[in-house]
Amino acid sequence: MRCWTSSTQRRGFFRKGSKVCGFILSLNLATQAQIINLAQVDSLFRNGNQAESAILYEKYLSQFNNKGLTPLPIYYKLAFISEQRNDYSRALYYLSTIYNRQPRQNILTKSRRLGQNIILQAMKWMTSVLFSFFS
């Protein structure tokens, strides 16, 4: 069993049984074993299993080398799930990814509203800290 792929690589760099060779082989097998079925993930999302579907959508996104080929509805769904969890910074990340590929006014409006929610949360937290400090 050889762990190198081209004849230009040195034989001494990837020795049979080396840690580097084993790591590359196990990484390759792990990524091949976890192919995400997007139809099943969409079904989970429609049935309300948002936590599970968010994890699987993110795994699906991690399989793409070129993020420009990723279907946009996945980013919309992840933004929705993040907003439902009050994870506004992550929701803003997904909205900015959508906006970078398809600039639209409604995405900017939604991003602005989420930014205002972040500011409101920070103000509520600061108020509670100040009241507890002076109480």
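Just so you know, these numbers come straight off a predicted model, no measurement behind them.

Visitor: Got a sec to walk through the packing of helix H5 (residues 88–101) against helix H6 (residues 105–134)? Specific residues and values, please.
Guide: Between H5 and H6, the shortest axis-to-axis distance is 10 Å and the interhelical angle comes to 160°. By the angle between their directions, the pair H5 and H6 is classed as roughly antiparallel. Judged by the twist between their axes, the crossing of H5 over H6 is left-handed. Across the interface between the two elements, Tyr88, Ser89, Ala91, Leu92, Leu95, Ile98 and Tyr99 from H5 touch Ile107, Leu108, Lys110, Ser111, Leu114, Gly115, Asn117, Ile118 and Gln121 from H6. Within the contact of H5 with H6, the residues separate by chemical class into 10 nonpolar, five polar and one charged.

Visitor: Hey, could you go over the packing of helix H2 (residues 38–46) against helix H3 (residues 50–62) for me, with residue numbers and the actual values?
Guide: Running from amino to carboxyl end, H2 crosses H3 at an angle of 150°, the nearest separation of the two axes being 8 Å. Classified by the interaxial angle, the pair formed by H2 and H3 is roughly antiparallel. Classified by chirality, the crossing of H3 by H2 is left-handed. Contacts between H2 and H3 pair Leu38, Val41, Asp42, Leu44 and Phe45 from the former with Glu52, Ser53, Leu56, Tyr57 and Tyr60 from the latter. Split into classes, the residues belonging to the contact of H2 with H3 amount to seven nonpolar, one polar and two charged.

Visitor: How would you sum up the side chain of Ser53? Please name residues and give values.
Guide: Relative to the helices and strands, Ser53 resides in helix H3. In contact with Ser53, other than residues within four places in its own chain, are Val41, Leu44, Phe45 and Ile81.

Visitor: Quick rundown of the pattern of salt bridges? Include the residues and the values.
Guide: For the structure shown, the criterion picks out five salt bridges. Because the salt bridges share partners, they merge into one network encompassing Glu58, Asp87 and Arg90.

Visitor: Lay out H2 with the relevant residues and their values.
Guide: Those residues of H2 that fall on the buried side of the exposure criterion are Val41, Asp42, Leu44 and Phe45. Buried residues in H2, looked at end-on, bunch into an arc of 155°, giving them a common side. Exposed residues on H2 whose side chains face more than 90 degrees from its buried face are Ala39, Gln40 and Arg46. One side-chain oxygen of the residue at the start of H2 lies 3.2 Å from the amide nitrogen of Ala39, identifying that residue as Asn37. Just downstream of H2, Gly48 is the residue with a positive phi angle, here 95°.

Visitor: Explain the packing of aromatic side chains to me, using residue names and the numbers behind them.
Guide: If you walk through the whole model with that rule in mind, you get four aromatic pairs. With 6.2 Å between their ring centres and 40° between their planes, Tyr75 and Tyr94 make a pair best called tilted. With a gap of 19 residues between them, Tyr75 in helix H4 (residues 72–84) and Tyr94 in helix H5 connect regions that are remote in the sequence. For the residue pair Tyr75 and Tyr94, the accessibility class agrees, reading buried in each case. Three or more aromatic residues link up through ring pairs in this structure, and these residues are Phe45, Tyr57 and Phe80.

Definitions and cut-offs
- Residues numbered from 1 in each chain as written.
- Predicted model: local features only at pLDDT ≥ 70, side-chain atom pairs only at ≥ 80, totals over all residues.
- Heavy atoms only, no water.
- Axes fitted to C-alpha atoms, helices over the stretch in contact; angles between N-to-C directions.
- Helix = DSSP H or I, 4+ residues; strand = E, 2+ residues; numbered from the N terminus.
- Parallel < 35°, antiparallel > 145°, perpendicular 65-115°, else oblique.
- Left-handed = near helix turned anticlockwise from the far one by under 90°.
- Contact = heavy atoms within 4.5 Å.
- Nonpolar A, V, L, I, M, F, W, Y, C, P; charged D, E, K, R; others polar.
- Salt bridge = Lys/Arg side-chain N within 4 Å of Asp/Glu carboxyl O.
- Buried < 20%, exposed > 50% of the residue type's maximum accessible area, 1.4 Å probe, protein only.
- Arc of directions from axis to C-beta.
- Polar contact = N/O pair within 3.5 Å; in protein donor to acceptor, adjacent residues only side chain to side chain.
- Phe/Tyr/Trp six-rings, centres within 6.5 Å; stacked < 30°, edge-to-face > 60°.

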